[in-house]
Amino acid sequence: MLIYNVTTNIDNSVLDQWLLWMKETHIPNVLATGKFLNAKMTKVLVEEEMGGSTYSVQYTTINKKTLNEYYEKEASKLREEVQKKFPNKFVSFRTELEVIKEF
């Protein structure tokens, strides 16, 4: 099992709009691709020097092949939607995590 983690620092001037859009539109659209089992959104409780607010969305998928299919078929379109909706208001980075064991 893998976790596809997207960490985003969002400008506070659009924070409320972004949170609503993420919850009602973006995350459901990512899940609708059928490549992920679930998603978890968290707030990062560390203040960044650059300001803004930081959030992490963790999408669980069954394997690397499925994640690669997401990258190849859907990721670009979904990333473009965020860019169009909130231009120059955020920075994101992505990490892949392998689940070793859940307790």
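Everything below is about the structure shown above.
For clarity, every value in this text was computed on a predicted model and none was experimentally measured.

1. Quick word on the packing of aromatic side chains
Okay, so step 1: Under the defined criterion, the tally for this structure stands at nine aromatic pairs.
Okay, so step 2: For the pair Phe 36 and Tyr 70, a centre-to-centre distance of 5.0 Å together with 75 degrees between the ring planes defines the contact as edge-to-face. Of this pair, Phe 36 sits in the loop between α1 (15-31) and β2 (38-43) while Tyr 70 sits in helix α2 (residues 64-85), and the two are 34 residues apart along the sequence. For the pair Phe 36 and Tyr 70, one class covers both residues: buried.
Okay, so step 3: Ring pairing ties together the aromatic residues Tyr 4, Phe 36, Tyr 59, Tyr 70 and Tyr 71, which thus form one cluster.

2. A closer look at the side chain of Ser 53
Okay, so step 1: Here Ser 53 shows up in strand β3 (residues 53-61).
Okay, so step 2: On the accessibility criterion, Ser 53 (9% relative accessible area) is buried.
Okay, so step 3: For Ser 53, the side chain forms a polar contact with the side chain of Asn 12, separated by 2.7 Å.
Okay, so step 4: Other than its neighbours up to four places away in sequence, Ser 53 contacts Thr 8, Asn 9, Ile 10, Asn 12, Leu 15 and Lys 43.

Rules behind the numbers
- Residues numbered from 1 in each chain as written.
- Predicted model: local features only at pLDDT ≥ 70, side-chain atom pairs only at ≥ 80, totals over all residues.
- Heavy atoms only, no water.
- Phe/Tyr/Trp six-rings, centres within 6.5 Å; stacked < 30°, edge-to-face > 60°.
- Helix = DSSP H or I, 4+ residues; strand = E, 2+ residues; numbered from the N terminus.
- Buried < 20%, exposed > 50% of the residue type's maximum accessible area, 1.4 Å probe, protein only.
- Polar contact = N/O pair within 3.5 Å; in protein donor to acceptor, adjacent residues only side chain to side chain.
- Contact = heavy atoms within 4.5 Å.

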